[in-house]
Amino acid sequence: MSAIDTIMRTSPVIPVLVVEDPADARPIAEALVAGGLKVLEVTLRTAAALDVIREMARVEGAIVGAGTVLNETQLDAALKAGSRFIVSPGLTENLGRAAIARNIPFLPGIANAGDIMRGLDMGLDRFKFFPAEASGGLKALKALAAPFGAIRFCPTGGISAATAPDWLAEPAVLCVGGSWVVKPGPVDRAAIEAAARAASALGQAK
């Protein structure tokens, strides 16, 4: 079992986190881990993202990765900050080769068969289906998965607490990415932990 496969099987839902203030990082991570979600994706969409990764990486039990990684420079910065895995919205030759060379668990985004075949040529077989709903939803993923029997996915983009169970019921899906677990605004630890517990329970049928 590959390292990225192990990470994908750790939690049924990977919270996709956009955190503006590093002071919020540890409370959010602690609440998520307490609720049963250990794998956390911090997107590099904010100026504070690398500091947020550093803080969350200090939380016991948290497996913190960087999302929205676009190039080799961001990859190296994320690794230096303590990222244990990397997620990208798409797959390029340069980023793919760089991640493989650094031996970091890598989950690149794909949206079509050509993307998957390019990844397979690099030795990759675990992918983020993104943007999931905008790319045709569960019906599209099932059609994509059919010719690629050994491939497994983490659909992300437009998935909610209500639709996640349908995605997770698909055998080719190991986990889903979701932004619904942590709401924007002031940190409410109790609400985050409760949402994490509900999301963690979605994986009991897998």
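Note that the structure is predicted; figures quoted are calculated from it, not measured.

A. Focus on unusual backbone geometry. Along the chain, Phe130 connects to Pro131 via a cis peptide bond; the corresponding omega equals -15 degrees. Topologically, Pro131 is positioned in the loop between strand E6 (126–129) and helix H7 (137–145). Within the chain, Thr68 stands out as a residue other than glycine whose phi angle is a positive 60 degrees. Mapping Thr68 onto the fold places it in the loop between strand E3 (63–67) and helix H4 (72–81).

B. Here's a closer look at the packing of aromatic side chains. A full pass over the atoms with the stated rule returns 1 aromatic pair. An angle of 45 degrees between the planes, with centres 6.3 Å apart, marks the rings of Phe129 and Trp167 as tilted. Here Trp167 lies in helix H8 (residues 164–168) and Phe129 lies in strand E6, a separation of 38 residues in the sequence. A relative accessible area of 0% means that Phe129 is categorised as buried. The positively charged end of Lys128 is found above the aromatic ring belonging to Phe130, 4.4 Å away from the centroid.

C. Focus on the packing of helix H3 (residues 49–56) against H4. Interaxial distance between H3 and H4 falls to 8 Å at its minimum, and their mutual angle equals 30 degrees. The angle between H3 and H4 falls in the class roughly parallel. As for how H3 packs across H4, the hand of that crossing is right-handed. On the side of H3, the interface is formed by Leu50, Ile53 and Arg54, while H4 contributes Ala77, Ala78 and Ala81. When its residues are assigned to classes, the contact of H3 with H4 shows 5 nonpolar, no polar and 1 charged.

D. Region of interest: helix H5 (residues 93–101). Those residues of H5 lying buried are Leu95, Gly96, Ala98 and Ala99. All buried residues of H5 fall inside an arc of 165 degrees around its axis, so they share one side. Structural note: H5 exposes Asn94 and Ala101 on the side pointing more than 90 degrees away from its buried face. Those residues of H5 hidden inside the fold are in contact with H4, strand E4 (86–88) and strand E5 (106–110). Directly after H5, the chain includes Asn103, whose backbone phi takes a positive value near 55 degrees.

E. View of the pattern of salt bridges. Following the criterion strictly, the structure yields 12 salt bridges and no others. Put simply, Asp5 and Arg9 hold a salt bridge, and the shortest N to O gap is 2.6 Å. Linking Asp5 with Arg9, this pair stays in helix H1 (residues 3–10), spanning 4 residues, or about one helical turn. Taking the relative accessible area as the measure of exposure, Asp5 reaches 2% and is therefore buried.

F. Region of the structure containing the nonpolar core. Leu32, Met56, Phe129, Phe153, Val176 and Val181 are the most contacted members of the largest nonpolar core, which has 61 residues in total. If we skip the residues at most four places from it in the chain, Met56 touches Leu17, Val19, Ala25, Ile28, Ala29, Leu40, Val42, Ala62 and Val64. The next biggest cluster of nonpolar side chains, apart from the first, holds 12 residues, and it includes Ile4, Ile7, Val39 and Leu174.

G. Looking closely at the side chain of Ser83. Inspection of the secondary structure assignment puts Ser83 in the loop between H4 and E4. Judged by relative accessible area, which is 7%, Ser83 ranks as buried. Engagement of the side chain of Ser83 in a polar contact is seen with the backbone oxygen of Ala78, the distance being 2.9 Å. Here Ser83 is in contact with Ile53, Val64, Gly65, Ala66, Ala78 and Ile104, once residues within four sequence places are set aside.

Rules of the game
Residues numbered from 1 in each chain as written. Predicted model: local features only at pLDDT ≥ 70, side-chain atom pairs only at ≥ 80, totals over all residues. Heavy atoms only, no water. Helix = DSSP H or I, 4+ residues; strand = E, 2+ residues; numbered from the N terminus. Phe/Tyr/Trp six-rings, centres within 6.5 Å; stacked < 30°, edge-to-face > 60°. Buried < 20%, exposed > 50% of the residue type's maximum accessible area, 1.4 Å probe, protein only. Lys NZ or Arg CZ within 6 Å of the ring centre and 35° of its normal. Axes fitted to C-alpha atoms, helices over the stretch in contact; angles between N-to-C directions. Parallel < 35°, antiparallel > 145°, perpendicular 65-115°, else oblique. Left-handed = near helix turned anticlockwise from the far one by under 90°. Contact = heavy atoms within 4.5 Å. Nonpolar A, V, L, I, M, F, W, Y, C, P; charged D, E, K, R; others polar. Arc of directions from axis to C-beta. Salt bridge = Lys/Arg side-chain N within 4 Å of Asp/Glu carboxyl O. Core = buried A, V, L, I, M, F, W, Y, C linked by side-chain atoms within 4.5 Å. Polar contact = N/O pair within 3.5 Å; in protein donor to acceptor, adjacent residues only side chain to side chain.

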